[in-house]
Structure formats: structure tokens, C-alpha cells
Amino acid sequence: MVARVVVAAPGSGHGKTTVATGLMAALRSRGTAVSGHKVGPDFIDPSYHAMATGRPARNLDPFLQGEHRVVPLLQHGSSGADVAVVEGVMGLFDGALGTDGYASTAHVARLIDAPVVLVVDASAASRSVAALVLGFARYDPDIELAGVILNKLGSQRHEDEIRGALAPTGIPVLGALRRSDDIHAPSRHLGLVPAGEREADARELLPTLADWIAGGVDLDAVVRVARGARPLTAEPWSPGEVDSGPRAVVAAAAGEAFTFRYTETVELLAAHGVDVVDFDPLRDEALPPECAGMYFGGGFPEAHLEQLSANEPLRTAIGDAVAGGMPAVAECAGLLYLCRELDGLPMVGALDAAAHMTRRGALGYRTATAASDNLLAAEGDSARGHEFHRTVVEPRAGATAAWRWNGEPEGFASPTLHASYLHVHWAGYPEPARTFAEAVHRRAAR
């Protein structure tokens, strides 16, 4: 049995990340073990979930992982927790364009058979909130709208007016939250600033956030809703039996510039006998000793350009390692870092390409095909991934590309290198973890 609740909203900007993270923190503060989950590929919101719950961040995405893996991944990620809080994405019914809501919050709620709590920004309406909520409750009969949390209320009179309008609908109000100037998370070009870039401030804010939620939300009622979810019967996902042979080490970029990797990526590598050891490209001047591979995940190197560029000893060490055939995987931020330059400042130079910021972003799901035999895939292998950035790399692809999608080559690849904008969730496509681990073990044996 996984007690679970989905926190959704009519659209972006209603405060579901704040409320979901606050619920996690408030429940944890009173002794409840909470697992946090995010619908979709986003890695920023889960960074706050991990801080609030004290557990690894988890994503649930039928496009990236396959519908049949969503429940097993929920069960795996919530193992040992009393309740799973699942934060939605965009509006409740908003999914991949042109797919009738595929990979939407509603889609995931149906897959995991979970009740939904709707967070509504009531700052610019009163009785009309009831019409909005009623519409969401009736739109899809397969979705159980178990209650609403009113956000950004202006006064008790404002709250009473909305409660009165909602009463005939029979949809319970589980929480009523006043506007608070103390609750704020800074944003920039791709959304919230990740928790890893403002860890001290975020940790200092958590108790205030937990108190704000506890003061305005009926936590007992939310837990009752979560416990009312029906039992799940699928087997939990597993990264596999842990390899009993020799261990190898992969150095993984971390710190403020590289804040993202899917938790299951590390778990899959561990099962293949590979230990992931973090290093900070902003501060460390050498790679971890005995590393036989490198992994550069997502993040915001563009926000830390000067410091990354100034760390010449590490840039040189990484460039030499790539040139010497050490297996290296780079996704998005890692791709930028391995380029010759980013916005005119020197980077690693392992790729003969230059990157720069743009005004328009690239955002969306992609279905890609491996353009060549390379470190992670065989030519013709297909995978689903996600692209999310506001930069351009020129040229877009090397002589040997990593992927092709929409008829165009993208990224850079070789038998020991894979660098691309595409984020692939390895729980959905576990073969890259195996081939990368095998290459790392071969390198370590040398």
C-alpha cells in the first residue's frame, strides 16, 4: 500500500510547487516519512522536494519512462515512506501537445490511481473559484478531485466568500493560505533557481514554509485523502542485482553549476558495479582519484561562467581525460561545459564547438534515434528524451552525431564519448547505463 496524493493546479503559477514542497516539509516536521515525486522531466522542483523530505528526488513521466514503469517507480521511490506527495506539472490536464493530454498530471494520476488536490490562486477572484473548481472536478470522471487548497487569499472575508460558493459543490476545502511575503523562491530564465544553488537560503526558508502550510492546511485531512488511495499491485522497480565484481568509479560533476541528474541513473550505475563520486567544477582542481569515467549532468553553467572558466587546472584535466579515451557522458549543461567556449569564455575544449545564450528556449519531448555506434547506443537505437535550454551550440553536431530527431543530427559521439542536449531517463532506457558501465570497467582494468 502506497498512501499517495497528487498536488495539481489549473495552470502554472498557482503555487503548486510551493504548496507541494510545504506539505512535504510540514508532514516531515511532525514525524511523517514523506517521499516527493514530480510529474514530468523537470529537475528544479525535485531539488526542493529532496530538501524538504530528506529523501532522493524522483520523477514520474510516462513519456520518458513508459506507462508500465510509472507505478513501479512510484513504489520504488516511496519505499519506507508513510505518504507520497506527487507534484503535478502545468495545468492538471496539460500534456504533450497534440496527444490529448499524454504525460499530463491527470494521466499520471490515473496511472497511479491517486486522488488529486487542486491548488488554486484565488488572488483575483472569489465566487468564480467555485465554478473553476467544479469544472475541473467534472471534466474527467476518471480523476478523483478530493479537495482544494485556496492560495493567496487576501482576508477572512475573501476566504468565507469562496468557501460559501464551494459548499454546494461538495468539494471540500482542505486548506486556505494567506498571501505571504516571507515565502519566496527566486527565478530566472528556465524557472526557479535550483535548491542546490541557494542551499543555505532554501534550508533557512523550509521551517517558515512548513509553518505556513501547517497553519493553513488540514494536514490530517490531506493524509486521510492519501490513505484513501486504493492498493497498487505492480512490483516495485529495481535497478537490478548489484554486481559482485570489482567496483569502478565515475566522477560526476556537481555543485552549484551542475545540480541535476536523475536518481535512478546513479542507482543503475551502482547495480552495474560503478560508484558515482561527486566533484565540483567550480572549486576542485583535479578529478577524483582512480576515476575511470565522467558524467556531466544538467545545471546552469551559464550562471557560473567566470568561475568555471577560471578553473583552468580542472578544465585541462578533463580535456586530457576525454582526449585520452576516458568514457564521458554529458547532457545539456555538460555539453556546454565540454565545448570550446560558452558566451566567449573558455570551457573544457573537448568538443570543437562554441555555445552561447539565446533569447528563445528549446523545450519539449523528443523521440531520438542513435546516429552512430557510440558510447551509449548502437546506430538505429531509439529513445525518448527531453530538451530544456536557452543556448545554442555551433555546430549543432559533430562529424559523428549522438542523435537524430526531426530529421536533423544533434550532439557529439564516439566509442568513448556521448555529449547531447537530450536528457534521457535511464530507468526507461536502461541499456545506456549498462554500456557506459562496461566502458568504465574496461578503462578501470587498464
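Conventions adopted
Residues numbered from 1 in each chain as written. Predicted model: local features only at pLDDT ≥ 70, side-chain atom pairs only at ≥ 80, totals over all residues. Heavy atoms only, no water. Helix = DSSP H or I, 4+ residues; strand = E, 2+ residues; numbered from the N terminus. Rg over C-alpha atoms; globule rule 2.2 N^0.38 Å. Buried < 20%, exposed > 50% of the residue type's maximum accessible area, 1.4 Å probe, protein only. Areas by Shrake-Rupley, 256 points an atom, 1.4 Å probe, with all protein chains shown as cover. Pairing = 2+ DSSP bridges. Axes fitted to C-alpha atoms, helices over the stretch in contact; angles between N-to-C directions. Contact = heavy atoms within 4.5 Å. Phe/Tyr/Trp six-rings, centres within 6.5 Å; stacked < 30°, edge-to-face > 60°. Lys NZ or Arg CZ within 6 Å of the ring centre and 35° of its normal. Salt bridge = Lys/Arg side-chain N within 4 Å of Asp/Glu carboxyl O. Right-handed = clockwise from strand over helix to strand, strands pointing away.

Overview of the overall build of the protein chain
Here is step 1: Each helix and strand in the protein chain was counted, giving 14 helices and 21 strands.
Here is step 2: Taking 446 residues into account, the globule formula puts the C-alpha radius of gyration at 22 Å, and the protein chain, at 22 Å, falls close to it.
Here is step 3: Projected onto its principal axes, the C-alpha coordinates of the protein chain cover approximately 70 × 45 × 45 Å.
Here is step 4: Going through the 446 residues of the protein chain one by one, you find that 58% of them count as buried.
Here is step 5: Entry remark: accessible area of the protein chain is about 18000 Å², with carbon and sulfur atoms responsible for 48%.

Here we look at the sheet that holds strand β20 (residues 412-414)
Where strands meet in a sheet, backbone hydrogen bonds hold them as pairs that are either parallel or antiparallel.
Here is step 1: On the basis of which strands lie adjacent, the open sheet formed by six strands has the order β11-β10-β12-β13-β21-β20 and mixed pairing. The outermost strands of the open sheet, each flanked by one partner alone, are β11 (274-279) and β20. Shown here is a sheet whose adjacent strand axes are inclined to one another by a mean of 20 degrees, direction ignored.
Here is step 2: Summarising the sheet, strand β13 (residues 328-331) and strand β21 (residues 417-420) pair through four bridges and their orientation is parallel. Note on β21: the bridge partner recorded for alanine 330 is alanine 419.
Here is step 3: Set on the sheet, helix α14 (residues 431-445) makes contact with β10 (248-253), β11, β12 (291-296) and β13; between it and β10 the angle comes to about 115 degrees.

Regarding the packing of aromatic side chains
Here is step 1: Counting across every chain of the model gives 11 aromatic pairs.
Here is step 2: Judged by centre distance (5.8 Å) and plane angle (25 degrees), the ring pair of phenylalanine 93 and phenylalanine 136 falls under stacked. Separated by 43 residues along the polypeptide, phenylalanine 93 in the loop between β4 (83-87) and α5 (105-111) and phenylalanine 136 in helix α6 (residues 128-139) bring together distant segments of the chain.
Here is step 3: By relative accessible area, which is 14% here, phenylalanine 136 ends up buried.
Here is step 4: Connected via pairs of aromatic rings, a cluster forms that spans Phe43, Phe260, Tyr262 and Phe300.
Here is step 5: Directly above the ring of phenylalanine 63 sits arginine 384, whose terminal nitrogen or CZ lies 4.3 Å from the centroid.

Points about unusual backbone geometry
Here is step 1: The step from glutamate 394 to proline 395 runs through a cis peptide bond, and the omega angle for that step is 0 degrees.
Here is step 2: Tracing the backbone shows proline 395 in the loop between β17 (382-394) and β18 (403-405).
Here is step 3: Phi is positive for alanine 103, which is not a glycine, with a value near 70 degrees.
Here is step 4: Checked against the element boundaries, alanine 103 lands in the loop between β4 and α5.
Here is step 5: Under the relative-accessibility criterion, alanine 103 is labelled buried at 4%.

Points about the pattern of salt bridges
Pairing between side chains of opposite charge can happen when the charged atoms of each approach one another.
Here is step 1: Here the structure, examined in full by the defined rule, presents 18 salt bridges.
Here is step 2: Of the charged contacts, one joins lysine 38 and glutamate 87 as a salt bridge, the two residues approaching to 3.1 Å between their closest N and O atoms. Placement of the pair is lysine 38 in strand β2 (residues 34-39) and glutamate 87 in strand β4, with a sequence separation of 49 residues. Each member of the pair, lysine 38 together with glutamate 87, is buried.
Here is step 3: Residue arginine 230 is joined to aspartate 113 by a salt bridge in which the shortest nitrogen-to-oxygen separation is 2.9 Å. Taken together, the positions of arginine 230 in the loop between α9 (219-227) and β10 and aspartate 113 in the loop between α5 and β5 (116-121) put the pair 117 residues apart, joining distant regions of the chain.
Here is step 4: You can call aspartate 113 partly exposed: its relative accessible area is 28%.

Considering the pairing of β10
Across a regular strand the side chains alternate sides, sitting on one face of the sheet and then on the other.
Here is step 1: Among the six residues that make up β10, six are buried, leaving the element largely enclosed by the rest of the structure.
Here is step 2: Side-chain alternation along β10 places Ala248, Val250 and Ala252 on one buried face and Val249, Ala251 and Ala253 on a second face that is also buried.
Here is step 3: Where β10 lies against β11, six bridges are found, and the strand directions are parallel. Opposite alanine 251, over in β11, you have valine 277 as the bridge partner.
Here is step 4: For the crossover from β10 across helix α10 (residues 263-271) to β11, the handedness is right-handed.

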